[in-house]
Amino acid sequence: MKANDEIYADISRFQEHLGLKPGADIQMLLLKAHLLIEELLQSMIESLVRCPDELSDARFTFQHSLCLAKALRDPSILPELVWVWDGVRHLNSVRNLMAHKINPKGFEEKLEVLMSMVEGNLPLRIKAGTGEEHQLAKLGLILSLLGSYLSKLVRANTNTLK
């Protein structure tokens, strides 16, 4: 599969699972993206350890998985994507903020930090717009791109083992 085909497939997978449509719930989008990212982290960990079956009873938090995947990676592979790890950390921070409260204090600010951080690392700027639908579409795109870039890192790191 060509690199562009892989990116398209990654973005399509994220958008399919996110359920992005008018009136979608921002918190649900974030929770689904968090789960999809967690699956990618687990996939990377399982691919990079010698005995992945030994991890079957492990109860890693998202943060544990993030740290372990980051520690197992080869930092010389795609160093220009090092920002993705911070994006994933920011996503986890936003998710943790809303995990125990319906309307958490500081949610909008943390969400804006996540979106600005990811968008600031994209090769192109997302078209400016206003309104709830634009914000949902922008968030969906940003989360999909974050997942796609993480998938690229996972593939690149696990392909070195083959």
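Bear in mind the structure is a predicted one, so any value in this text is a computation, not a measurement. (Residues numbered from 1 in each chain as written. Predicted model: local features only at pLDDT ≥ 70, side-chain atom pairs only at ≥ 80, totals over all residues. Heavy atoms only, no water.)

J.: Where do I start with the overall build of the chain in this structure?
T.: For the chain, the helix and strand inventory stands at six helices and zero strands. Ordered by position from the N terminus, the helices and strands of the chain form the series α-α-α-α-α-α. The globule rule puts the C-alpha radius of gyration for 162 residues at 15 Å, and the 16 Å found for the chain is close to it. Taken along its principal axes, the extent of the C-alpha atoms in the chain is 50 × 35 × 25 Å. Relative to its 162 residues, the chain shows a buried fraction of 38%. Sequence separation of 24 or more characterises 70% of the internal contacts of the chain that already satisfy a separation of 6 or more. Just so you have it, the chain exposes about 9500 Å², and 54% of that area is on carbon and sulfur atoms. Across the chain, the 19 positively charged side chains and the 20 negatively charged ones have centroids separated by 3 Å. (Helix = DSSP H or I, 4+ residues; strand = E, 2+ residues; numbered from the N terminus. Rg over C-alpha atoms; globule rule 2.2 N^0.38 Å. Buried < 20%, exposed > 50% of the residue type's maximum accessible area, 1.4 Å probe, protein only. Contact = heavy atoms within 4.5 Å. Areas by Shrake-Rupley, 256 points an atom, 1.4 Å probe, with all protein chains shown as cover. Lys, Arg positive; Asp, Glu negative; His and termini not counted. Charge placed at Lys NZ, Arg CZ, Asp CG, Glu CD.)

J.: What's the story with the nonpolar core in this structure? I'm lost.
T.: Judged by nonpolar contacts, the single largest core of 43 residues is most densely connected at Leu 30, Ile 37, Leu 41, Val 84, Val 88, Leu 143 and Leu 150. For this core, the secondary-structure elements that each account for two or more residues are helix H1 (3-18), helix H2 (26-48), helix H3 (62-72), helix H4 (83-98), helix H5 (107-119) and helix H6 (132-159). Setting aside residues up to four positions removed in sequence, Ile 37 forms contacts with Phe 14, Phe 62, Val 88, Leu 91, Leu 146, Gly 147 and Leu 150. (Core = buried A, V, L, I, M, F, W, Y, C linked by side-chain atoms within 4.5 Å.)

J.: When you look at the packing of H2 against H3 in this model, what are you seeing that I'm missing?
T.: In the contact formed by H2 and H3, the axes pass within 9 Å of each other and the chain directions differ by 45°. Viewed along their axes, H2 and H3 adopt a mutual orientation that is oblique. H2 and H3 meet at a crossing whose hand is left-handed. On H3, the residues touching His 34, Ile 37, Glu 38, Leu 41, Gln 42, Met 44, Ile 45 and Leu 48 of H2 are Phe 62, Ser 65, Leu 66, Leu 68, Ala 69 and Leu 72. Considering only residue class, the contact of H2 with H3 consists of 10 nonpolar, three polar and one charged. (Axes fitted to C-alpha atoms, helices over the stretch in contact; angles between N-to-C directions. Parallel < 35°, antiparallel > 145°, perpendicular 65-115°, else oblique. Left-handed = near helix turned anticlockwise from the far one by under 90°. Nonpolar A, V, L, I, M, F, W, Y, C, P; charged D, E, K, R; others polar.)

J.: I tried to follow the packing of aromatic side chains on my own but got confused; where do I start?
T.: Where two aromatic rings form a pair, the distance of their centres and the angle of their planes describe that pair. Counting across every chain of the model gives one aromatic pair. Ring centres of Trp 83 and Tyr 149 lie 5.4 Å apart, and the angle between their planes is 70°; this geometry places the pair in the edge-to-face category. Remark: Tyr 149 occurs in helix H6 and Trp 83 occurs in helix H4; sequence separation between them is 66 residues. A single burial state applies to Trp 83 and to Tyr 149, both of which are buried. (Phe/Tyr/Trp six-rings, centres within 6.5 Å; stacked < 30°, edge-to-face > 60°.)

J.: What exactly am I supposed to notice about the side chain of Lys 138 here?
T.: When you line up the elements, Lys 138 lands in helix H6. Ignoring anything within four residues of it in the chain, the contact list for Lys 138 reads Met 115, Glu 119 and Ile 126.

J.: Sorry if this is basic, but what is going on with H2 here?
T.: Counting along an α-helix, one turn takes 3.6 residues, and residues three or four places apart therefore face a common direction. For H2, with 23 residues, the first-to-last C-alpha span of 33 Å sits near the 33 Å given by 1.5 Å per residue. Along H2, the residues that are buried comprise Leu 29, Leu 30, Ala 33, His 34, Leu 36, Ile 37, Leu 40, Leu 41, Met 44, Ile 45 and Leu 48. (Expected span 1.5 Å × (residues − 1).)

J.: Mind showing me how you'd approach the side chain of Ser 144 here?
T.: Tracing the chain through its elements places Ser 144 in helix H6. With residues near it in sequence (within four places) discarded, Ser 144 still touches Ile 11, Phe 14, Gln 15 and Leu 18.

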